[in-house]
Every structure is written in structure tokens, then in C-alpha cells.
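# Chains, contacts and geometry: an overview
Each chain, written out:
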Amino acid sequence: MLDPRPGRTAGEIAREGGAAVPAIGNDLSAAAHVFDAAWYGRKTADAASYQRISAADDEIRNARLTVVAT
């Protein structure tokens, strides 16, 4: 979906991916938030974090994707 771009952050991927495919925007944002907290905030990923990522992954896999033309 997105062109490769070195240095792109999880938040940027979530925003750009969500703009391209609105149906998964919230799920991408939720996953990016968990990633950022663990990677940049050095917070320990707990069971709730895993559940949030897993739920986002399930929603993205099951979504009826429609790409928005730009």
C-alpha cells in the first residue's frame, strides 16, 4: 500500500495507511500507539498491549478494504 520510505515512524505509517484505507485507520493508530510506548517510551508491553495489537491485527485482516484514490 505504502511506498517504502526509510525512517518512517509507526505513527506516520498509521496516518498514511489510515488515509489510504480508512477502514483500518483506527486499528493502525492503536497498534502504533502500543509500539511507540514500548519502543520510545521504554514501557514494558503487557498482556493488555498484546491484546490490543492482536485485536487490531484481526480487524485489519478481516476488514473489507477499499483504497481511497489520491
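All figures in this text were calculated on a predicted structure; none of them were measured in a lab.

The rules we used
- Residues numbered from 1 in each chain as written.
- Predicted model: local features only at pLDDT ≥ 70, side-chain atom pairs only at ≥ 80, totals over all residues.
- Heavy atoms only, no water.
- Helix = DSSP H or I, 4+ residues; strand = E, 2+ residues; numbered from the N terminus.
- Buried < 20%, exposed > 50% of the residue type's maximum accessible area, 1.4 Å probe, protein only.
- Contact = heavy atoms within 4.5 Å.
- Phe/Tyr/Trp six-rings, centres within 6.5 Å; stacked < 30°, edge-to-face > 60°.
- Core = buried A, V, L, I, M, F, W, Y, C linked by side-chain atoms within 4.5 Å.

## What to know about the overall build of the chain
In terms of helices and strands, the chain carries 3 helices and 0 strands. For the chain, the succession of helices and strands along the chain, N to C, is α-α-α. Principal-axis analysis of the C-alpha atoms gives the chain an extent of 40 × 30 × 15 Å. Out of the 70 residues in the chain, the part that is buried amounts to 24%. When contacts within the chain are restricted to residue pairs at least 6 apart in sequence, long-range pairs at least 24 apart make up 47% of them.

## Some remarks on the packing of aromatic side chains
All chains considered together, the criterion is met by 2 aromatic pairs. When the centroid spacing of 6.2 Å and the interplanar angle of 10° are considered together, the rings of F35 and W39 count as stacked. Linking F35 with W39, this pair stays in helix 2 (residues 25-39), spanning 4 residues, or about one helical turn. Taking the relative accessible area as the measure of exposure, W39 reaches 55% and is therefore exposed. With a centroid separation of 6.4 Å and an interplanar angle of 85°, the aromatic rings of F35 and Y40 are classed as edge-to-face. By way of ring pairs, the aromatic residues F35, W39 and Y40 are connected into one cluster.

## Thoughts on unusual backbone geometry
You will see that R42, though not glycine, has its phi angle at about 55°, which is positive. Along the chain, the position of R42 falls in the loop between helix 2 and helix 3 (47-62).

## What to know about the nonpolar core
Counting residues in each nonpolar core, the largest one holds 7 residues, listed as A10, A14, A20, V21, I24, L28 and A32. Among the elements of the structure, helix 1 (10-20) and helix 2 are those that each provide at least two residues to this core. Top contributing element to this core by residue count: helix 1, with 3 residues.

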